[in-house]
Amino acid sequence: PEMISIHDLAEKMKIQPSVIIKKLFLAGKMVTVNSELDFEAAGELAMEMNFDPVPEEKEDVIAKMLEDSEDGAETLVPRPPVVCVMGHVDHGKTSLLDAIRDTHVIDREAGGITQHIGAYVVTINGQKITFLDTPGHEAFTAMRMRGANSTDIAILVVAADDGVMPQTVEAINHAKAAGIEIIVAINKIDKPSANIERVKQELTEYELIPEDWGGSTIFCPVSAHTHEGIDNLLEMILLTSEVLELKANPNRRARGLVIEAELDKGKGPVATVLVQKGTLHVGDPIAVGSCHGKVRAMMDDNGRRVKEAGPSKPVEILGLNDVPNAGEIFVSPETDKEARAFAETYVKESREKLIEDTKLKMSLDDLYSQ
Ligand code: GDP
Ligand code: MG
């Protein structure tokens, strides 16, 4: 490690060497002006003495913990697409999600209650599509910060009677920045004032050009009210998903994202997670942000208990010791001990990062420069 003598350190700190020697003596260390301290000890000492160095570029331990190895091509199998709905307020995002759910959640068992878990799965022609129905701009941002993406395809909802509006443009920018495929759903075509051509025209400005105009964007006219065009939209999602060749390895420790989470009076911390890789089982250790635990129970979007959840499957899980943040990545280590260590390191690193960010900026390089 890099070393610095007490003499040099005192000089950098503009104090007498004896002050440092005394300080170390009181801490039980006998030193002289010529004794050397390593980088870290010197930094600690300087900080204790209210000299505020920022240590060398600190490695991002959390990012390192979240690092993941690529799965070999031979381990990958097709997985359902994960789709979100974006667009301007009142253009019909909620109505469209409701219409899709009402017409196509056929997995429902008699007596099963459809509950809101922030995501649901639709089965069409035997193929599945996972819809996120969280209006999660915040979650979206958090995921991006961790370099993770929740969605493969964004349905951009534009009302046929209103056209491109500010949040339409915002949504386009979000999706493009995240590298998400966009499918345009021109909604409210049942309205007399609907003007599909106008919407197409307006969107060309944002490089969303329909196929019949020589572009490559899929446009689906729909009505969330009459359900016209909804099956076509779902088919286009499946088609796009095939082109994207979405795949994941189901045979590994699970990892994915928190869609939403809350504290339930009866059940304790409840989190809806989207498994992205691997398979999560009841009994698996799990860690997410500062929270950890063991999956005690899992529920699918139909409120049914399930024992395992593979890639692209959203499930509500019980068993975490606290409520995690939406957008955080969850991991499922081999052991409870690792899950706990993950959470503890996360807490420690987050705290240190906070201190560091707010600390007076003065680099150790300055401190040590000759
Ligand atoms: P959101 O803000 O994007 O989630 O929009 P909503 O789903 O809340 O819809 C806003 C309004 O538009 C509501 O009054 C809906 O009833 C209405 N709406 C949504 N879809 C349609 C549609 O296909 N046709 C008509 N006529 N109205 C619609
Ligand atoms: Mg809404």
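Residues numbered from 1 in each chain as written. Chains lettered and ligands numbered in written order. Predicted model: local features only at pLDDT ≥ 70, side-chain atom pairs only at ≥ 80, totals over all residues. Heavy atoms only, no water.

1. Points about the overall build of the chain
If you tally the helices and strands in the chain, you get eleven helices and 19 strands. A total of 370 residues make up the chain; the buried ones form 46% of that total. Considering only residue pairs separated by 6 or more positions, the chain has 73% of its internal contacts joining residues 24 or more positions apart. In the form shown here, the chain has an accessible surface area of approximately 19100 Å², with 50% of it arising from carbon and sulfur atoms. (Helix = DSSP H or I, 4+ residues; strand = E, 2+ residues; numbered from the N terminus. Buried < 20%, exposed > 50% of the residue type's maximum accessible area, 1.4 Å probe, protein only. Contact = heavy atoms within 4.5 Å. Areas by Shrake-Rupley, 256 points an atom, 1.4 Å probe, with all protein chains shown as cover.)

2. Some details on the site of ligand 1
In the vicinity of ligand 1, 15 residues are found, and the nearest of them are Asp90, Lys93, Thr94, Ser95 and Asp190. With respect to ligand 1, the backbone of His91 contributes an N or O atom lying 3.4 Å from an oxygen atom. Lys188 is positioned with one of its side-chain polar atoms (N or O) 3.0 Å from an oxygen atom of ligand 1. In isolation ligand 1 offers 580 Å² of accessible surface; the protein chains occlude 74% of this area. (Near = heavy atom within 4 Å. Polar contact = N/O pair within 3.5 Å; in protein donor to acceptor, adjacent residues only side chain to side chain.)

3. Some thoughts on a nonpolar patch on the surface
A cluster of nonpolar side chains, namely Phe25, Leu26 and Met30, defines an oily patch on the protein surface of about 410 Å² accessible area. Take Met30: it is sitting in the loop between helix H2 (17-26) and strand S2 (36-38). Given a relative accessible area of 68%, Met30 falls into the exposed group. (Patch = residues over 30% accessible without salt bridge, like charges linked within 9 Å, V, L, I, M, F, W, Y side chains within 5 Å. Salt bridge = Lys/Arg side-chain N within 4 Å of Asp/Glu carboxyl O.)

4. As for the pairing of strand S5 (residues 119-124)
Across the six residues of S5, six count as buried, placing the element largely inside the fold. Burial along S5 is two-sided: the residues Ala119, Val121 and Thr123 and Tyr120, Val122 and Ile124 are all buried. Counting the residues between successive antiparallel strands, the hairpin from S5 to strand S6 (residues 127-132) contains two residues, one of them, Asn125, with a positive phi of roughly 50°. (Pairing = 2+ DSSP bridges.)

5. Things to note about the nonpolar core
Ranked by internal contacts, the top residues of the largest apolar core, which has 26 residues, are Leu156, Ile182, Val184, Leu203 and Leu208. Among the secondary structure elements, those contributing two or more residues to this core are strand S4 (82-87), strand S7 (153-159), helix H7 (166-178), strand S8 (181-187) and helix H8 (196-204). Here this core gets five residues from one element, more than from any other, and that element is H7. When residues no more than four places from it in sequence are discounted, the contact partners of Leu203 are Leu156, Val158, Val164, Ile172, Val184, Leu208 and Phe219. Formed by 25 residues, the second largest nonpolar core is a distinct cluster that contains Val83, Val122, Ile124 and Cys220. (Core = buried A, V, L, I, M, F, W, Y, C linked by side-chain atoms within 4.5 Å.)

6. Structural notes on helix H1 (residues 6-13)
Taken residue by residue, H1 has Ile6, Leu9, Ala10 and Met13 as its buried positions. What you see down the axis of H1 is that its buried residues fit within an arc of 100°, all on one side. Lys14 occupies a position one or two residues after H1 and carries a positive phi of about 60°. (Arc of directions from axis to C-beta.)

7. Some points on the packing of helix H5 (residues 93-104) against helix H9 (residues 230-244)
One way to put it is that H5 packs onto H9 with a least axis distance of 11 Å and a crossing angle of 90°. On the basis of the axis angle, H5 is roughly perpendicular to H9. Facing Leu96, Ala99, Ile100 and His104 of H5, the residues of H9 in contact are Ile230, Asp231, Leu233 and Leu234. Each residue belonging to the contact of H5 with H9 can be placed in one class, and the counts come to six nonpolar, one polar and one charged. (Axes fitted to C-alpha atoms, helices over the stretch in contact; angles between N-to-C directions. Parallel < 35°, antiparallel > 145°, perpendicular 65-115°, else oblique. Nonpolar A, V, L, I, M, F, W, Y, C, P; charged D, E, K, R; others polar.)

8. A short note on the sheet that holds S8
Ordered by their spatial adjacency, six strands build an open sheet running S5-S6-S4-S7-S8-S9, and the pairing between neighbours is mixed. Two strands lie at the open edges of the sheet, namely S5 and strand S9 (218-221), each paired on one side alone. Neighbour-to-neighbour, the strand axes of this sheet turn through a mean angle of 30°, independent of strand direction. Pairing analysis gives seven bridges linking S7 to S8, with the strands arranged parallel. By the bridge assignment, Leu156 is partnered in S8 with Val184. Sheet strands in contact with H9 are S4, S5, S6, S7, S8 and S9, and its direction is about 100° off that of S6.

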